[in-house]
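# Structural description and commentary
Chain residues, written in single-letter form:
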Amino acid sequence: MNEIICPNCSKAFKVDEAGFADIVKQVRDHQFEEELAQRLELAQKEKESAVQLAEAKIKTSLQKELAQKELEISSMESKIQNAETAKKLEISEALEKIEKERDVLRYDLKTKEAEKESAIELAVAKILAEKELELVEATNKIKKERDDLIHDLEIKEREKELLEKSIKEQYSNKLVVKDQTIQMKDDEIQRLKDFKQKLSTKMVGETLEQHCEVEFNKLRATGFQNAYFEKDNDSRGGTKGDYIYKETDNEGNEIISIMFEMKNENDETSTKKKNEDFFAKLDKDRKDKKCEYAVLVSLLESDNEFYNTGIVDVSYRFEKMYVVRPQFFIPIITLLRNAAMNSMEYKAELNLIKNQNIDITNFEEKINVFKTGFARNYDLASRQFSKAIEEIDKTITHLNKTKDNLLSSANNLRLANNKAEDLSIKKLTHGNPTMKAKFDEL
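Residue positions are counted from 1 within each chain, in the order its sequence is given. Only residues with pLDDT of at least 70 are given local features in this predicted model, and only at 80 or more are side-chain atom pairs given and counted; all residues enter the totals for whole chains, interfaces and linings. Each side-chain value is derived from all of the structure's non-hydrogen atoms; neither hydrogens nor water enter the calculation.

## Quick notes on the overall build of the protein chain
A count of helical and extended segments in the protein chain gives nine helices and eight strands. A simple rule labels every residue: compare its accessible area, found with a 1.4 Å probe on the protein chains alone, to the largest value its type can have, and call it buried under 20%, exposed over 50%, or partly exposed in between. Within the protein chain, buried positions represent 24% of all 442 residues. Any pair of residues with heavy atoms lying within 4.5 Å of one another is described as a contacting pair. A separation threshold of at least 6 residues defines the contact pool for the protein chain, and within that pool the share at least 24 residues apart is 61%. Surface accessibility in these figures is a Shrake-Rupley result with a 1.4 Å probe; residues are shielded only by whichever protein chains are displayed. About 31,900 Å² of surface is accessible on the protein chain, with carbon and sulfur atoms providing 54% of the total. Only DSSP runs of H or I reaching four residues or more are called helices, and only runs of E reaching two or more are called strands; each is numbered from the N terminus.

## A word on unusual backbone geometry
Negative phi is the rule for most residues except glycine; trans is the rule for most peptide bonds. Even without being a glycine, K290 presents a positive backbone phi close to 55 degrees. Assignment of secondary structure puts K290 in the loop between helix 3 (279–288) and strand 6 (293–298). K290 gets classed as exposed once you look at its relative accessible area, which sits at 68%.

## Some points on the packing of aromatic side chains
Only the six-membered ring of Trp is used, alongside the rings of Phe and Tyr, when aromatic pairs are assigned; centres must lie within 6.5 Å, and planes under 30 degrees apart are stacked while those over 60 apart are edge-to-face, with the rest tilted. In total, this model carries eleven aromatic pairs according to the counting rule given. On the numbers, 6.1 Å between centres and 90 degrees between planes, the contact of F224 with Y245 is edge-to-face. Note that F224 is positioned in the loop between helix 2 (201–223) and strand 3 (227–231) and Y245 in strand 4 (residues 243–248), a separation of 21 residues in sequence. Ring plane angle 5 degrees and centroid distance 4.8 Å describe the contact between F229 and Y243, whose orientation is recorded as stacked. Taken together, the positions of F229 in strand 3 and Y243 in strand 4 put the pair 14 residues apart, joining distant regions of the chain.

## Quick notes on the nonpolar core
One finds Y245, F260, M262, V295 and F329 to be the most contacted residues of the largest nonpolar core, which totals 29 residues. Among the elements of the structure, helix 2, strand 3, strand 4, strand 5 (254–263), strand 6, strand 8 (321–324) and helix 5 (329–342) are those that each provide at least two residues to this core. Counting 13 residues, the second-largest nonpolar core is a separate cluster that includes I244, M259, F279 and V323. The criterion is simple. A nonpolar core is a set of buried Ala, Val, Leu, Ile, Met, Phe, Trp, Tyr and Cys residues joined through side-chain atoms within 4.5 Å.

## Side note on the sheet that holds strand 7 (residues 312–313)
The mixed open sheet is built from six strands, whose spatial order is 3-4-5-6-8-7. Pairing within the sheet leaves two strands with one partner each, and these edge strands are strand 3 and strand 7. Think of it this way: DSSP has to see at least two bridges between two strands before they count as a pair. With six bridges joining them, strand 4 and strand 5 adopt antiparallel strand pairing. Bridge pairing in strand 5 links T248 to E254. Helix 3 rests against strand 5, strand 6 and strand 8 of the sheet, and its axis sits at about 150 degrees to strand 5. Axis geometry follows a simple rule: fit a line to the C-alpha atoms, using only the stretch in contact for helices, then measure angles between N-to-C directions, giving values from 0 to 180 degrees. Across the sheet, helix 5 lies against strand 3, strand 4, strand 5, strand 6 and strand 8, angled at about 160 degrees from strand 5, the strand it touches most.

## Points about the pattern of salt bridges
We define a salt bridge as a contact between a side-chain nitrogen of Lys or Arg and a carboxyl oxygen of Asp or Glu at a distance within 4 Å. Enumeration over the complete set of coordinates arrives at 17 salt bridges. The shortest N-O distance in the salt bridge between K87 and E90 comes to 3.7 Å. One end of the pair is K87 and the other is E90, both in helix 1 (residues 17–197) and three residues apart, which spans about a single turn. Relative accessible area serves as the criterion here: at 46%, E90 is assigned to the partly exposed category. We note a salt bridge from E261 to K263, for which the minimum N-O separation is 3.5 Å. You can call K263 partly exposed: its relative accessible area is 21%.

## With respect to a nonpolar patch on the surface
Patch definition: residues above 30% relative accessible area lacking any salt bridge, with like charges linked at up to 9 Å and the nonpolar side chains Val, Leu, Ile, Met, Phe, Trp and Tyr linked at up to 5 Å. Taken together, the side chains of I91, L95 and I98 present a nonpolar region at the surface, about 290 Å² in accessible area. As for its position among the elements, I91 is in helix 1.

## Description of helix 5
Every helix has an expected span of 1.5 Å times one less than the residues it contains. Along its 14 residues, helix 5 runs 21 Å from first to last C-alpha, staying within 8% of the 20 Å computed at 1.5 Å per residue. Taken residue by residue, helix 5 has F329, I330, I332, I333, L335, L336, R337, A339 and A340 as its buried positions.

## Here's the deal with the pairing of strand 6
Counting buried positions along strand 6 yields six of six residues, so the element is predominantly enclosed. Side chains Y293, V295 and V297 project from strand 6 onto one buried face, and the interleaved A294, L296 and S298 project onto a second face that is buried too. With six bridges joining them, strand 5 and strand 6 adopt parallel strand pairing. Of the residues in strand 6, the one forming a bridge with M259 is A294.

## Topic: the side chain of E247
With respect to the helices and strands, E247 occurs in strand 4. Whenever two N or O atoms come within 3.5 Å, that pair is a polar contact, provided that in protein one can donate a hydrogen and the other can accept it, and provided that, for residues adjacent in sequence, both atoms are side-chain atoms. A polar side-chain atom of E247 sits 2.4 Å from a polar atom in the side chain of Y245. Side chain to side chain, E247 and R337 meet in a polar contact 3.2 Å long.

## Things to note about the environment of L282
Tracing the backbone through its elements, the reader meets L282 in helix 3. Put simply, L282 and A294 are twelve residues apart on the chain and 6.7 Å apart in space, counted from C-alpha to C-alpha. Beyond its immediate chain neighbours, meaning those up to four positions away, L282 contacts M259, F260, E261, A294, V295, L296 and M321.

## Observations regarding the pairing of strand 8
Alternating residues of strand 8 divide into M321 and V323 and Y322 and V324, and every residue in both groups is buried. Pairing analysis gives four bridges linking strand 6 to strand 8, with the strands arranged parallel. Among the inter-strand pairings, L296 is bridged to a residue of strand 8, identified as V323.

Here it is as structure tokens:
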């Protein structure tokens with residue numbers, strides 16, 4: 001144990017070795033920090049003194065260098081002034097020399113310009129003479145081409161007029177027939193519409209039958225002397241047609257037989273019927289009465305262009321059946337009868353073979369194919385007539401376009417003539433690379 005006296009109260013107390021060592025350490029640390037602070041302060045002062053000394057040395061050195069540089073600058077300025085004086089003297093002498101040379105060049109330039117102007121005038125006069133000659137030749141050539149084109153245009157115009165006249169003469173009769181046919185159709189349509197509006201639904205149908213009967217009777221004495229055309233009054237099969245047409249030759253052989261059905265409908269009727277609504281009944285009536293053909297004379301579907309084209313073959317639906325408008329009532333009889341007349345020889349042989357109990361089924365089919373083909377060919381011919389009229393209209397339109405093109409060509413020729421007359425020497429030489437090259441050479 002160690003005994004320690006307190007410096008403040010002068011009392012003695014004992015501490016063990018660990019406590020004593022701790023106190024000694026504290027005393028040593030305190031002294032060390034005081035010494036460290038003193039040394040740091042002393043080092044800071046030494047550092048500041050060294051910095052001040054270094055700054056004084058650097059300042060002195062810089063002042064010496066600055067004085068040396070000022071001396072060098074003064075020397076350089078003196079040299080530069082001397083050099084500028086010498087350069088000004090040289091420039092003055094050079095300017096005097098250049099002035100003298102310029103005067104000489106001015107004199108030479110004036111002399112050369114006078115010679116050049118004289119040469120240019122001669123060259124221009126020569127070139128203008130050549131260009132004038134070329135211009136006259138070009139103008140004559142253009143005028144000749146213009147006259148040739150005008151002459152060709154006059155020839156084309158005369159040819160066009162002759163062609164138009166020829167075409168008009170060629171198709172004038174057909175156009176007249178076309179206009180008359182169109183007018184007749186329009187009149188007939190208007191008449192039928194006005195006529196139908198005044199009748200009831202029942203009376204319209206009966207009137208159409210009477211119309212067809214009257215039309216047939218007009219030609220019965222001259223064209224249908226051996227024909228039978230009467231109303232069908234046999235309703236044993238449950239239904240009956242409107243009229244049956246049959247015709248035989250002088251020996252009693254049947255030439256042709258047709259079952260007719262007449263259908264009409266007032267425009268004011270609430271329920272509108274279609275032609276195909278009656279095909280099945282008409283086909284049944286034809287077969288029941290053993291007729292060869294079936295024809296529906298109809299005013300139904302008045303706006304349907306398919307039925308308005310003329311004679312319509314509907315055999316793709318029912319065998320040997322046609323639909324016609326009232327105006328084609330007589331033509332369909334005539335066509336079918338003429339086709340049958342052409343096959344009378346075959347029918348005579350057919351009757352002979354039938355009497356001999358020989359099967360001629362294939363032969364009958366050939367005859368039927370012939371008659372059906374004939375009817376179809378007639379239908380195509382009637383359509384081709386309408387197409388021919390349309391082609392006439394297109395030809396006229398094409399000729400009008402040709403006339404417009406020729407008139408346009410005449411306008412272009414007029415513009416070309418104006419451009420030829422507007423040519424001048426100034427316009428020809430302006431921007432001319434040949435003239436520019438000649439001037440550059442001079």
